[in-house]
Amino acid sequence: MEGMARRIQIQSIALFCVLTAAASGQTGTSNVLVSYGFDDAQLATGPDTFAVFARSRGTVRLNAGNRLSGYRSVEIRDVAADGDFPELQGYFAPRSRGKLFLHFAFMTATPFEEFNIALAGPQWFSLRKDGIGFWLKTREGHLCQVSDSMPKKLLLLEPFVWYVVNSSYDIDQGSYDLIIHKEGIEKPVVSLARQANASNQPGSAVDKFSFIGDTNEHKSNVAYYVDDVIVGIDESIVHLPFVAPGRKKLFIDYWSEAQRARRSRPEPIDPVGLSDFGIRQKEMEALKAAALWELLLRFINGQAISSEVPQEASIETRQLLQAVALWGEGTKALRDQKPEQALKRFDEAAALVPSAKIYSMNAVLSLAALQQWDLVDERLSRIYEDWHDDLRFPPAMATIGLARQRLDEVEQRLRGPAEQVPDEIGQDLLRRLHGGAMTPELLQELKRRFPDNWGDYLRDVFVAEQYFLVLLWKGQAADAERFAQRMTDRYEALGIPSARWHERMGDAAFVLGNFSMALEKYEKGLGHEPNPGLLVKLSDVYFRLGDMENERLYREKIYGTIGPE
Amino acid sequence: MVAQLRISRSRFLLLVVMGFVVGSAPEIALGIDSKAVQAIVAGGKFAELKSLGREVLPVMARLYESSDTAQRARVAEAFYSLGWKSAEAKRVLMKDVHTPNSQLRLQVQWALGRVSSDADVVEVLLNNMQHDGNPLFRDKAACALASDQIHLTEQQKVALFSGLIQALGDSKSDVRRIAMLALQIQTGQTKGFNPDASPAERDVKVREWKVWLEEYKSNL
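A few points on the structure. Bear in mind that the values here come from a model prediction, so they are computed numbers and not experimental data. (Residues numbered from 1 in each chain as written. Chains lettered and ligands numbered in written order. Predicted model: local features only at pLDDT ≥ 70, side-chain atom pairs only at ≥ 80, totals over all residues.)

**Examining the overall build of chain A**
Piece 1. Along its length, chain A carries 18 helices and 15 strands.
Piece 2. Considering chain A as a whole, with its 565 residues, one finds that 49% of them fall into the buried category.
Piece 3. Taking the contacts inside chain A whose residues are at least 6 apart along the sequence as the reference set, 66% of them involve residues at least 24 apart. (Helix = DSSP H or I, 4+ residues; strand = E, 2+ residues; numbered from the N terminus. Buried ≥ 20, exposed ≤ 12 C-beta atoms within 10 Å, placed from the backbone. Contact = placed C-beta atoms within 7 Å.)

Have a look at this one:
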């Protein structure tokens, strides 16, 4: 941990928010000193909360793909031979006596790559009194604890499996109890009592925690994930459950919370990753190299204005930053019910960085607020491919549906005879459209083939989907299920692929708590090329059914798995 | 090829400014001129040295071998500053690990653990710590063992710990004291060992440390 100490002595703390700095909660009035779920509320970094170091090629960022609870975890990714390491470092009020309770979850994609997790005191991350108190590290694929100044093997790590660590740390005695649960296993995989702390020092104070890659040699290419970090003085913290239902949030929980949070008035959707802004590894490195990383984060947090973009930056970098600044202005305008202004900003941002998917979706939401339905449908069809598997898409569609109103017209159309399209080419186009294979190219073909009424066909597809989601939104899940059944029947009568409507029937069944039915419908919806969103739902429904083996099978189809090296 | 790809912009500029072209003269090894390196070392501009990449290490080793005592001390300090493993650096530094010249000896002892994790480096430093006639050299060897063995793996630390624990039983009190300090810096604890306690009391604590070492080994 020499590196950690060195870093802190330099005191060049690069504070920044991880994306929208969304870490939920922190020091409160209760017995909880620190609580980060990385999901909901906004929280700026700082000396009383946490700091993120990602100075070289390593990164610390929110991750929506791998999380234990909620919608996000923090991903810490180290890069070997880059001369530095990424770090998430958190602070709390110093404790020099009594007991401290620690709870957190981690999952690694790379068990044979080193990472370190530590609780330390005013002497920072060194082995000494008031230095490191609690220290977990990996060695040759094993998780080890450093106790009595020596690393001791605890367990062989499995990739892509969550482990939950609970520890009660006795500051006065200089010892701790340690319980580690592994995902899917009821009994703890580690259960140790009265372990000497890292340097066997009674009375060693603690006031900070840290998650990093490796320390000295810079050989680690680790990618690991951290969720639900809680430090407190209440013993109940170490009794937090693990795989109990309700602990793990499912796709439907995102839906329900969005439903509670949103009104029918379209509002901008929030970003969940830098890729939403078209910022990937290459762009991140360019921003860091140009010393503009912190400015980017200030833009994301609404703490800077577009005129702050330096003129000497490269064109690409300027465009990235200007687009984020415009997005911030658009977001504010839409929330302030100024959709025209918002639309202008989002469109300008999208023109600057076309690969940033959030600008276009927020432009569609602005158009919905302006009731410009033809444009909403056309734009939706252009971005549908990028969005239809995104957790944020159904709530966005429901919001659009609520704003659109008169959705029940779709029911009227269902009562009429199935529409007949005169030629094979037209039928094929409509099959693809209704089957969910919506792309800009398909839109062009539709316009060519149906120059007078292509918009009607498009609207039918979107309105049906929005109607279904609005029924769910309003708590009419049984009606939603029946509507999805009628849509399925209709599609099958027309010879159109009905997999998406089977999936929606599954959604309604899930909401109604009929998990066996949901499973049946999801399996019917799988098709030849199952979408990742459906695999998430299958994983979730198996979780609800208590089938952890299949829960994992489908989860790994999405997130992958690797064998031991 | 890899080495050439690693040439950073600053390094490239440095070479251009100095008028060097890769392979244009036999004395310019891998495109790095030893005179330029000598100037950088003399100026203590170690960040600049680092920007030249690891290819600078053999150049520095040759410079070390061809230098007088004062310059060898500066090169040793530069090796220390880089902290890169290097067989060439270790080879040349080991030649001076018993030099009576204070300035050079201290720099060599400090640098060795930062260029190598070989067992003979720990061994020679342990030997200097216990048996060198000069107390200053003994003390600084202990400093090097405490803080500068940066490349040692957990397995390799067994020899270090074993040597330090053995030195707790040394007949010289200053050796016992510095061995304890080095062990404390490495592990964060003393287990109550007092270098000035009676032999019997010291023996009890040394046995505790030996038990600890056995447990350490059993966890590898």
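**A word on the overall build of chain B**
Piece 1. Each helix and strand counted, chain B has 13 helices and zero strands in total.
Piece 2. Each helix (α) and strand (β) of chain B, taken in turn from the N terminus, gives the series α-α-α-α-α-α-α-α-α-α-α-α-α.
Piece 3. The long-range share in chain B, meaning contacts at least 24 apart out of those at least 6 apart in sequence, stands at 61%.

**Considering the interface of chain A and chain B**
Piece 1. Contact residues are listed per partner, giving twelve residues for chain A and eight residues for chain B.
Piece 2. When the residues that make up the side of chain A that touches chain B are grouped by side-chain class, the tally is three nonpolar, six polar and three charged. (Nonpolar A, V, L, I, M, F, W, Y, C, P; charged D, E, K, R; others polar.)

**A short note on unusual backbone geometry**
Residues and elements named next belong to chain A.
Piece 1. Even without a glycine there, the phi angle at Asp-148 is positive, about 55°.
Piece 2. Residue position: Asp-148 is located in the loop between strand 9 (142–147) and strand 10 (150–156).
Piece 3. Despite not being glycine, Arg-194 shows a phi value in the positive range, around 50°.
Piece 4. With respect to the helices and strands, the residue Arg-194 is situated in strand 13 (residues 190–196).

**Examining the pairing of strand 15 (residues 223–232) of chain A**
All names here are of chain A.
Piece 1. With respect to burial, strand 15 is a largely interior element, ten of its ten residues being buried.
Piece 2. Pairing between strand 4 (residues 73–77) and strand 15: four bridges, direction antiparallel. Within strand 15, the residue paired with Glu-75 across the bridge is Tyr-225.
Piece 3. In this structure, strand 6 (residues 99–108) lies alongside strand 15, joined through seven bridges in antiparallel fashion. What sits directly across from Leu-102, in strand 15, is Val-231. (Pairing = 2+ DSSP bridges.)

**Observations concerning the nonpolar core**
A general trend in soluble globular proteins is that nonpolar side chains are found buried together.
Piece 1. If you look at the biggest cluster of nonpolar residues, it comprises 116 residues, and the most contacted ones within it are Met-60, Phe-79, Met-129, Leu-145 and Ala-179 of chain B.
Piece 2. Beyond its immediate sequence surroundings of up to four residues, Met-60 of chain B is in contact with Val-37, Val-75, Ala-78, Phe-79 and Ala-89 of chain B.
Piece 3. Ala-325, Trp-473, Ile-496 and Tyr-542 of chain A belong to the second largest nonpolar core, which has 89 residues in total. (Core = buried A, V, L, I, M, F, W, Y, C linked by C-beta atoms within 7 Å.)

**Describing the environment of Gln-319 of chain A**
Residues and elements named next belong to chain A.
Piece 1. Structurally, Gln-319 is set in helix 5 (residues 315–335).
Piece 2. With 17 C-beta atoms packed within 10 Å, Gln-319 lands in the partly exposed category.
Piece 3. For the pair formed by Gln-319 and Val-353, sequence separation is 34 residues and the distance between their alpha carbons is 6.9 Å.
Piece 4. In contact with Gln-319, other than residues within four places in its own chain, are Leu-352 and Val-353.

**Some details on the packing of helix 6 (residues 339–352) of chain A against helix 7 (residues 357–369) of chain A**
A pair of packed helices is captured by two measures, namely the crossing angle of their axes and the spacing between those axes.
Residues and elements named next belong to chain A.
Piece 1. Contact geometry of helix 6 with helix 7 gives a least axis separation of 8 Å together with a crossing angle of 160°. As far as their axial angle goes, helix 7 and helix 6 are roughly antiparallel. Like other packed secondary-structure pairs, helix 6 and helix 7 cross with a definite hand, here left-handed. Contacts between helix 6 and helix 7 involve Pro-339, Ala-342, Leu-343, Phe-346, Asp-347, Ala-349 and Ala-350 from the former and Tyr-359, Ser-360, Asn-362, Ala-363, Ser-366, Leu-367 and Ala-369 from the latter. (Axes fitted to C-alpha atoms, helices over the stretch in contact; angles between N-to-C directions. Parallel < 35°, antiparallel > 145°, perpendicular 65-115°, else oblique. Left-handed = near helix turned anticlockwise from the far one by under 90°.)

**Examining the environment of Asn-362 of chain A**
All names here are of chain A.
Piece 1. For Asn-362, the location among the structural elements is in helix 7.
Piece 2. On the basis of neighbour count, Asn-362 is assigned to the buried category, with 28 C-beta atoms found within 10 Å.
Piece 3. Spatially, the C-alpha atoms of Asn-362 and Ala-396 are 9.4 Å apart, while their sequence positions differ by 34 residues.

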